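# Structural overview for review
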There are 2 protein chains.
Amino acid sequence: MIERVAIVEVGLIGGSFGRALRHHGFAGRIFGVSSPTTIKAALDAGAIDEGLPIEQAVPQADLVLLAQPISRILEIVGGIDRLLAPGALVTDVGSTKREICARARISIRHGVFVGGHPMAGKESRGVEHSDPALFQDRTWFLTPPASGGLDRGRAGEFVEWLRTIGAVPSAVSAEEHDRLVSLSSHLPQLLATTLASLLKETLPLSDTRLAAGPGLLGMTRLAMSSYDIWADILATNPDRIAAALDAFIERLGTVRDQVRAGERDPQILSGTLGSLFDSSADFVKALRKTHT
Amino acid sequence: MIERVAIVEVGLIGGSFGRALRHHGFAGRIFGVSSPTTIKAALDAGAIDEGLPIEQAVPQADLVLLAQPISRILEIVGGIDRLLAPGALVTDVGSTKREICARARISIRHGVFVGGHPMAGKESRGVEHSDPALFQDRTWFLTPPASGGLDRGRAGEFVEWLRTIGAVPSAVSAEEHDRLVSLSSHLPQLLATTLASLLKETLPLSDTRLAAGPGLLGMTRLAMSSYDIWADILATNPDRIAAALDAFIERLGTVRDQVRAGERDPQILSGTLGSLFDSSADFVKALRKTHT
């Protein structure tokens, strides 16, 4: 039974998880591990019952949620085993999974590690912005160990809690996860950042302002993301991200060649590029059907 | 004095222009040239006073606004001269300007042509969705002839009407215009379409749905645009668009190389890519300052 939960770093995600558990009837105890200022805010927000140092929180916990940036998760995963109660479930919320799961595989012996990645967030960070409904209808990827076991024991119980707080648990391998998000998340981020950088260095800001409509603002919004999260993502998924960029560059090069050829060959404009636009439009409409 | 206006194609843009004129006190007469169904809707919406065939509307007009797709504007510009009253001002709303202005330069003799491009629109089209506030605070690019003259005569009066309806008139050369929008509008459109097409052909839809957050949906929204507008844009600005794609591909290739190199060289992650993210974030924040 999961009766004691340790949330390591009670920020937006950790704090929302604690509040969501409480909101949905979790009757056990929730420990928070964070700086004194954050612990105070987390207590005020009702995200935790008590702030404790990691050495005191983790040994009491049936479930340990690591809700830090990836680089900190990697450090903690490498050193947490000596603190774990036998059979404790350790999970995390890092945006890439291969390195974290590999480190856990060699480091965690006394407990069980299941990687996690909730597809939820906000532009504002910190427990002050936490929300018990943050995970509602959002995918929560889980990367179980090779032995599996998401359907029973502590891991099974954790999956049930995820469903209870409204999330949609979805099991994938760490390899599948990192490829999927390289295309669906890391590539779009780098497109937005690169577009902003090209405009910045090619046009006077005043001209871009004159010409900027909702389309451009939408395509550059992600470029406002904070780099401290992205440094870790780029560092832990570089091969997949580079492969996604390769595939995109190749495809965009084909589009460019077709635009150039369309000048002399109307068939390319009415046929090839028309099909590209139409099929992309259909795809996006289908993609949005579950989201609007 | 502009006392009679002919709006050729009373759709979203043409209809909004007619309603905006009326809303802001234009006391003259507004003729609409469109299909009988559209004329009825335009009369109902208060966008025009009367529907007329082009042969009857244009000869009476002091101002002719061509509010059709680019390919139709090109046709009309090529044949409208024989209908124009001496000194009439002809303008348009096409999203590219070089071809339209070049055609006008050789075809329009009895009147004066000033190219135009209001940076306003909506996802829904048709006069039913017209809005007298559509141009409020939006740039309205104008490409005056080499002889200039936006500060006097009919053209000067038109510029005053644009200001009166809330738009921000901005004079550029047709060449500058087409380069600017190739970067600020055409490139973002092709990035969204190409991203959607890559995802569609690389991942199962169900996987993309699981992984899709607001970021991905924002970066693919433009891909829902209708191709009948884009076919004309691609056909009339291919060199500039290809150049914008070239510049983007080169820059994205550099980003890919840096992501790959960052795996072995932490300096690239903390330095080069960090600077790219930070300066892009600053740029987008500055860009949005006038827009939010």
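Shown above is the structure to which this text applies.
### A word on the pattern of salt bridges
Under the counting rule described, the total for this entry stands at 30 salt bridges over all chains. Of the charged contacts in the structure, one is a salt bridge between A:Asp49 and A:Arg22, with a shortest N-O distance of 2.4 Å. With A:Asp49 in the loop between helix 2 (36-45) and strand 3 (50-51) and A:Arg22 in helix 1 (residues 12-23), this pair connects stretches of sequence that are 27 residues apart. By relative accessible area, A:Asp49 is classed as partly exposed at 29%. According to the relative accessible area criterion, A:Arg22 is partly exposed, its value standing at 28%. Across the salt bridge formed by B:Arg256 and A:Asp246, the nearest N and O atoms sit 2.8 Å from each other.

### A closer look at the interface of chain B and chain A
With 86 residues of chain B at the interface, the matching set in chain A holds 86 residues. Around 8,700 Å² of area is buried between chain B and chain A when both sides are counted, 75% of it from carbon and sulfur atoms. When the buried surface of chain B facing chain A is broken down by residue, B:Met219, B:Tyr227 and B:Phe277 rank first, second and third, together holding 9% of it. At the boundary of chain B with chain A, the tally comes to 6 salt bridges.

### Notes on the nonpolar core
Membership of the largest hydrophobic core comes to 142 residues, with the highest contact counts inside it found for A:Val64, A:Phe248, B:Val64 and B:Phe248. With residues near it in sequence (within four places) discarded, B:Val64 still touches B:Ala6, B:Val8, B:Val58, B:Ile80, B:Leu84, B:Leu89, B:Val90 and B:Thr91.

### Quick word on the sheet that holds strand 4 (residues 63-66) of chain A
Within a beta sheet, neighbouring strands are joined by backbone hydrogen bonds and run either parallel or antiparallel to one another. All names here are of chain A. Pairing is mixed across the open sheet formed by 8 strands, whose spatial order is 3-2-1-4-5-6-7-8. Of all strands in the sheet, those with a lone pairing partner are strand 3 and strand 8 (168-171), marking the two edges. Pairing of strand 1 (residues 4-8) with strand 2 (residues 29-33), which is carried by 5 bridges, proceeds in the parallel orientation. Following the sheet pairing, Arg4 is matched in strand 2 by Arg29. Where helix 7 (residues 174-202) meets the sheet, its contacts fall on strand 6 (112-118) and strand 7 (139-143), and the angle it forms with strand 7 comes to roughly 140°.

### A word on the environment of B:Ile76
Along the chain, the position of B:Ile76 falls in helix 4 (residues 70-79). Filtering out sequence-adjacent residues up to four positions away, B:Ile76 remains in contact with B:Ile54, B:Leu66 and B:Gln68.

### Observations concerning the sheet that holds strand 1 (residues 4-8) of chain B
Residue and element names in this part refer to chain B. Here 8 strands make up an open sheet; going across it, the order is 3-2-1-4-5-6-7-8 and the pairing mixed. Looking at strand neighbours, the two that pair on one side only are strand 3 (50-51) and strand 8 (168-171), the edges of this open sheet. Bridge count between strand 4 (residues 63-66) and strand 5 (residues 89-92): 4 bridges; the pairing is parallel. Its bridge partner being in strand 5, Leu66 is matched across the sheet by Asp92. Set on the sheet, helix 6 (residues 153-164) makes contact with strand 4, strand 5, strand 6 (112-118), strand 7 (139-143) and strand 8; between it and strand 7 the angle comes to about 170°.

### Points about the packing of helix 7 of chain A against helix 11 (residues 238-262) of chain B
Relative to each other, helix 7 of chain A and helix 11 of chain B sit at 125°, their axes nearing to 10 Å. Here helix 7 of chain A lies oblique to helix 11 of chain B, going by the angle between them. Regarding helix 7 of chain A and helix 11 of chain B, the two cross each other, and that crossing is right-handed. Residue-level inspection shows A:Leu190, A:Leu191, A:Thr194, A:Leu195, A:Ser197, A:Leu198 and A:Glu201 of helix 7 of chain A in contact with helix 11 of chain B, the latter providing B:Ala244, B:Ala247, B:Phe248, B:Arg251, B:Leu252, B:Val255 and B:Val259. Across the contact of helix 7 of chain A with helix 11 of chain B, the residue classes tally to 10 nonpolar, 2 polar and 2 charged.

### Re the pairing of strand 8 of chain A
Where strand 7 of chain A lies against strand 8 of chain A, 4 bridges are found, and the strand directions are parallel. Following the sheet pairing, A:Trp140 is matched in strand 8 of chain A by A:Pro169.

### Let's talk about the relation of the copies chain B and chain A
Taken as rigid bodies, chain B and chain A are interconverted by a rotation of 180° and an axial shift of 0.0 Å, the fit giving an RMSD of 0.0 Å. What the superposition gives is, in effect, a two-fold axis relating one chain to the other. Interface overlap between copies is the fraction of interface residues in one copy that are interface residues in the other; for chain B against chain A it reaches 100%, indicating a shared surface.

Cut-offs and rules
Residues numbered from 1 in each chain as written. Chains lettered and ligands numbered in written order. Predicted model: local features only at pLDDT ≥ 70, side-chain atom pairs only at ≥ 80, totals over all residues. Heavy atoms only, no water. Salt bridge = Lys/Arg side-chain N within 4 Å of Asp/Glu carboxyl O. Helix = DSSP H or I, 4+ residues; strand = E, 2+ residues; numbered from the N terminus. Buried < 20%, exposed > 50% of the residue type's maximum accessible area, 1.4 Å probe, protein only. Contact = heavy atoms within 4.5 Å. Buried area = accessible area lost by both parts, 1.4 Å probe. Core = buried A, V, L, I, M, F, W, Y, C linked by side-chain atoms within 4.5 Å. Pairing = 2+ DSSP bridges. Axes fitted to C-alpha atoms, helices over the stretch in contact; angles between N-to-C directions. Parallel < 35°, antiparallel > 145°, perpendicular 65-115°, else oblique. Left-handed = near helix turned anticlockwise from the far one by under 90°. Nonpolar A, V, L, I, M, F, W, Y, C, P; charged D, E, K, R; others polar. Least-squares fit on C-alpha atoms with pLDDT ≥ 70 in both.

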